[in-house]
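Understanding the architecture of this molecule
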Amino acid sequence: MMRRWDLVPVAVACATVAILVGVFYFGVFQHSTYGAGPYLYDTGLFNYIVGPDSRNLEMPSAINMPSFYYVHISPILVPFSFISRLLGLKEFQPLEMVLILGFSGAAAAAFVAIQYYLRPLGRIVSIALAATFAIAFALSGIMRTTAAYPHIEILYVPLAVTALLLIFHRRMRWAWVAFVLCLLVREDAGLEMACILGAYLFLAAIAERGIPERMRDLLPFVGVALAYPALALLAQNALLPIESNFARIYSGAPAYAHLNATLLAHRWDVLTHEQPQALITLASCLACFALRPRWIALTGLLASLPWFLAGVTAYSETAGSFSLYYAFPFLVLPLVPFIVTAELPSAKVVYVDHL
């Protein structure tokens, strides 16, 4: 185990990466807001929701909808209104605060995951390589397109990576905290986490030729990850009846009547020529497998399949090309193989701090 003193340079490097990324994206948001001009509908909407004038995700009066809960179940945003009032934030500062936490947090989480994986190379080398990776990750195509059309889904990335690190390092008390916060970003965050954990268990079962050693650790998280979005969507449909987001964006009405070979060929052409960042990110999921071929190193790529299929067959052209923020779940996946193939604590019950 690393001594506390040894953690100091790692913590300093991680904080430096987070600050650099935060400063960079603050400049991006400032330029977008006051220079180039943002897409005002969504930018203004989110800024109001997390700003000092909103209460419990209340929508602005100009929107013909009383609450953001009609759109997404995102209770993680509720405290930001209070923080905005407490700090006296104005103009676009509330949304910038949320976004910088998301982008800086994502870079910091990437640094931690990679540095731990590279620890056998030595402290200096592992820190330098992890910092380089984290900054490159923060400036990658999907991150930049998400910043160009700022949405709160970026909060999913640091929380998901943190939860996975804690789960696989068997720090279960804190893992549940990070995991629950991750679920509260959006109602479908649980499905994305279930895909990751389910993909790992499937590949681990193949590699171990039987029930995976970490089945006991992961099953409670898989269960909650599947149950929460189901309950959230049931509650939304019952209490806040509105057109289904899935039907409006993905399945269409009637369901998948738009789907044909011409559409799929068009989507593939867009992904390979006009919007390649999604495919590049998915290809990077194989980096860990290339370094050391193992079944579980394919976890990120396997976990991408449900979201990828939902996207390329989507009714919406924007979702179908993974433009804007629609590829945000993919940002976690290249880090997953490094998390699950690193040197991890024993899977024996005695070495876990269950609740």
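Everything below is about the structure printed above this text.
Report on the accompanying structure. All figures in this text were calculated on a predicted structure; none of them were measured in a lab.

Thresholds, definitions, all that
Residues numbered from 1 in each chain as written. Predicted model: local features only at pLDDT ≥ 70, side-chain atom pairs only at ≥ 80, totals over all residues. Heavy atoms only, no water. Helix = DSSP H or I, 4+ residues; strand = E, 2+ residues; numbered from the N terminus. Rg over C-alpha atoms; globule rule 2.2 N^0.38 Å. Buried < 20%, exposed > 50% of the residue type's maximum accessible area, 1.4 Å probe, protein only. Contact = heavy atoms within 4.5 Å. Areas by Shrake-Rupley, 256 points an atom, 1.4 Å probe, with all protein chains shown as cover. Lys, Arg positive; Asp, Glu negative; His and termini not counted. Charge placed at Lys NZ, Arg CZ, Asp CG, Glu CD. Phe/Tyr/Trp six-rings, centres within 6.5 Å; stacked < 30°, edge-to-face > 60°. Expected span 1.5 Å × (residues − 1). Arc of directions from axis to C-beta. Salt bridge = Lys/Arg side-chain N within 4 Å of Asp/Glu carboxyl O. Patch = residues over 30% accessible without salt bridge, like charges linked within 9 Å, V, L, I, M, F, W, Y side chains within 5 Å.

Here we look at the overall build of the protein chain
Secondary structure assignment for the protein chain yields 17 helices and zero strands. The C-alpha radius of gyration computed for the protein chain amounts to 20 Å, which stays within 12% of the reference 20 Å derived for 355 residues, consistent with globular compactness. Projecting the C-alpha coordinates of the protein chain onto the three principal axes gives extents of approximately 55 × 50 × 45 Å. Among the 355 residues that make up the protein chain, the fraction classed as buried is 51%. Residue pairs in contact within the protein chain that sit at least 24 positions apart in sequence constitute 75% of those at least 6 positions apart. Roughly 16800 Å² of accessible area belongs to the protein chain as shown, and the carbon and sulfur atoms make up 68% of that amount. Mean positive and mean negative side-chain charge positions of the protein chain (20 and 19 charges, respectively) differ by 13 Å.

Some thoughts on the packing of aromatic side chains
What the rule picks out here adds up to 20 aromatic pairs. When the centroid spacing of 5.9 Å and the interplanar angle of 55 degrees are considered together, the rings of F29 and F103 count as tilted. Taken together, the residues span a long stretch of sequence, with F29 in helix α1 (residues 4-36) and F103 in helix α4 (residues 93-117) at a distance of 74 residues. Centroid distance F133 to F338: 6.1 Å. Interplanar angle 65 degrees. Geometry classified as edge-to-face. Within this pair, whereas F133 is found in helix α5 (residues 123-138), its partner F338 is found in helix α17 (residues 336-341), the two being separated by 205 residues in sequence. Look at F133 and you get partly exposed, because its relative accessible area is 29%. Overall, the relative accessible area of 7% leaves F338 in the buried class. The structure contains a cluster of three or more aromatic residues connected by ring pairs, namely Y156, F246, Y250, W307 and F328.

Brief notes about α5
With 16 residues, α5 ought to run about 22 Å at 1.5 Å a step, and its terminal C-alpha atoms sit 22 Å apart, in line with that. What α5 keeps buried is the set S126, I127, A130, A131, A134, F137 and A138. The buried residues of α5 occupy an angular sector of 130 degrees when the element is viewed end-on, so they sit on one face. With respect to the buried face of α5, the exposed residues turned more than 90 degrees away are I124 and T132.

Quick word on the pattern of salt bridges
Considering all chains together, one arrives at four salt bridges under this definition. A salt bridge links R186 to E153; the shortest N-O distance between them is 2.8 Å. Highlighted residues: R186 in the loop between α8 (172-183) and α9 (189-208) and E153 in the loop between α6 (141-148) and α7 (156-168), separated in sequence by 33 residues. For E153, a relative accessible area of 2% gives the class buried. Between D217 and R170 there is a salt bridge; the shortest N-O distance is 2.6 Å.

Digging into the environment of L184
If you trace the backbone, L184 turns up in the loop between α8 and α9. Sequence separation of L184 and I142 is 42 residues, and the distance between their C-alpha atoms is 22 Å.

Concerning α7
Spanning 13 residues, α7 covers 18 Å between terminal C-alpha atoms, matching the ideal 18 Å at 1.5 Å per step. When you tally the buried positions in α7, you get eleven out of 13 residues, the bulk of the element. Residues of α7 that are buried: Y156, V157, P158, L159, A160, V161, A163, L164, L165, I167 and F168. As for α7, its buried residues are in contact with α4, α5, α8, α9, α10 (215-239) and α17. Taken from the residues just after α7, R170 is the one with a positive phi, measuring 65 degrees.

Regarding a nonpolar patch on the surface
On the surface, F82, L86 and L87 cluster together to form a nonpolar patch covering roughly 350 Å² of accessible area. Along the polypeptide, F82 turns up in helix α3 (residues 78-87).

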